[in-house]
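Structural characterization, general
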Amino acid sequence: MIPVKAIALAAALALPTLAAAQDAKDAVEARHGFMKMLGINMGQLAGMAKGEIAYDEAAATLAAANIVALTQYDAPALFVEGTSSEDMPESEALPAIWENPDDFRASFVALREAAAGSPDAVKGGQGNLGPVLQKLGGACKNCHDDYRKDD
Amino acid sequence: MAGGAAHRERIWDPALRVFHWTLAVLVIANWLLGKIGPSDMTLHFWLGYGVIALLVFRLVWGFVGPATARFTRFVRGPRAVVSYAREMIHPHPTYWPGHSPVGALAVVAMLGVLALQVTTGLFADPDDYINVGPLASTVSSETSRMALRWHNRGADLILILVLLHWAVILFYRLWKREDLVRPMIDGWKWVRRR
Ligand code: HEM
Ligand code: HEM
């Protein structure tokens, strides 16, 4: 017979793990959503730069302002322990993130800095989009190269 | 294995030689651009298109070019491959008039992997909105993600094949005392008909 106390203890011990598992899933979903929001706004700018979407100054400014707003969010905090690509199949976050937390954070700050001033920089015509996109896209690429699994 | 004495013969035509050295330069440059190039990959794309043009040329040349360039002539069955591989380990030149049956495997592997590399490149999407493969928008995002994955793995495969290519050429030079590089430059090679 297993004493009731032991069951209660086991349950009490299991609860935080369950909660942690849910937290981990939430964190991964949240950062996927975060990246997708970045992507949607980048897509707006890229579409206009390529001429697939007609250039619209207000829309371009808004997309850039959205990116600025997103980079104010503390996204690196969504990369909680135990959510690397080795821990969860749905994660593409390389373990390198947790090995170099400072550099990972710096890569995110680099995006924030690339975004600074972009709502104004995209004004004035389609031709102004290119340089802004290169700066922003370069910051996405640098971080993905080092910290996103793609092999 | 008999045959007369070795004599010099022009086995690689000029177009094939230009093809080879242009391919070597473009592939090395593009590999390095991919790994350590600037985050604006425009040049990588253009050199990649150059490689596509070269591969198309090589495919056509493999059917209509001179004898030594033709796939049907140098791609041989397993018997010929095994028999050549046995001969190949001996420390003397083979004076083979063209790609040997073993070399043919490397040629096909290199051209095949390069074809795969340019194809996956066209469909790859690294989610940075600046270096998106020109055909990525024609497929689903899962497919373009998979293309990127295979483009990255392809880069490793190319590295392995090219290092093997160089190692075997060195093996011929040092162990077998046969210079394969010179013929790829001026077209003339010591050969023995058999
Ligand atoms: C990325 C670099 C390179 C690639 C992708 C490459 C690829 C190839 C290919 C596809 C062929 C077959 C030629 C044909 O029939 O179309 C070939 C042949 C050859 N390559 Fe390269 N090559 C590279 C670099 C080099 C270098 C640096 C050397 C010189 C050391 C070299 C020496 C040769 C020689 C001697 C042959 C003729 C082999 C034979 O006699 O069968 N290659 N290479
Ligand atoms: C022989 C031809 C090519 C070679 C050797 C080559 C090699 C490479 C290498 C080494 C990388 C970096 C992979 C890594 O991060 O480990 C790369 C990335 C890439 N290449 Fe190529 N490539 C070739 C052709 C092409 C072509 C034709 C295109 C498209 C038109 C293309 C598009 C891309 C893209 C979109 C990336 C992803 C960049 C990123 O992950 O940020 N490549 N390539």
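Residues numbered from 1 in each chain as written. Chains lettered and ligands numbered in written order. Predicted model: local features only at pLDDT ≥ 70, side-chain atom pairs only at ≥ 80, totals over all residues. Heavy atoms only, no water.

Here we take up the pattern of salt bridges. Taken as a whole and judged by the stated rule, the model has twelve salt bridges over all chains. The salt bridge involving B:Asp127 is made with A:Arg148; its shortest N-O contact spans 2.9 Å. Placement of the pair is B:Asp127 in the loop between α5 (101–123) and α6 (141–174) and A:Arg148 in the segment after α6 (129–147), with the two residues belonging to separate chains. Since its relative accessible area comes to 27%, B:Asp127 is described here as partly exposed. With a closest N to O distance of 3.2 Å, B:Arg182 and B:Asp186 form a salt bridge. Of this pair, B:Arg182 and B:Asp186 both sit in helix α7 (residues 181–186), separated by four residues, roughly a single helical turn. Here B:Asp186 falls in the partly exposed class, since its relative accessible area comes to 22%. Each of A:Glu92, A:Arg148, B:Asp127, B:Arg145 and B:Arg149 takes part in one network of salt bridges that share partners. (Salt bridge = Lys/Arg side-chain N within 4 Å of Asp/Glu carboxyl O. Helix = DSSP H or I, 4+ residues; strand = E, 2+ residues; numbered from the N terminus. Buried < 20%, exposed > 50% of the residue type's maximum accessible area, 1.4 Å probe, protein only.)

Turning to the pairing of strand β2 (residues 188–191) of chain B, a few remarks are in order. Working note: regular strand, side chains alternate between the two faces of the sheet. Residues and elements named next belong to chain B. Of the two faces of β2, only the one carrying Lys189 and Val191 is buried; Trp188 and Trp190 on the other face are not. Of the pairings in the sheet, the one linking strand β1 (residues 7–10) to β2 comprises four bridges and is antiparallel in character. Residue pairing across strands places Glu9 opposite Lys189, the latter belonging to β2. (Pairing = 2+ DSSP bridges.)

Taken from the UniProt record, the annotation "binding site: heme c" (unreviewed entry) applies to A:Cys140, A:Cys143 and A:His144. Here A:Cys143 lies in helix α6. Owing to a relative accessible area of 15%, A:Cys143 belongs among the buried residues under this scheme. Mapped onto the secondary structure, A:His144 falls in helix α6. On the accessibility criterion, A:His144 (16% relative accessible area) is buried. Aside from chain neighbours lying at most four places away, what touches A:His144 is A:Met35, B:Pro126 and B:Asp127. (UniProt positions renumbered as here; feature names shortened; annotations may be inferred. Contact = heavy atoms within 4.5 Å.)

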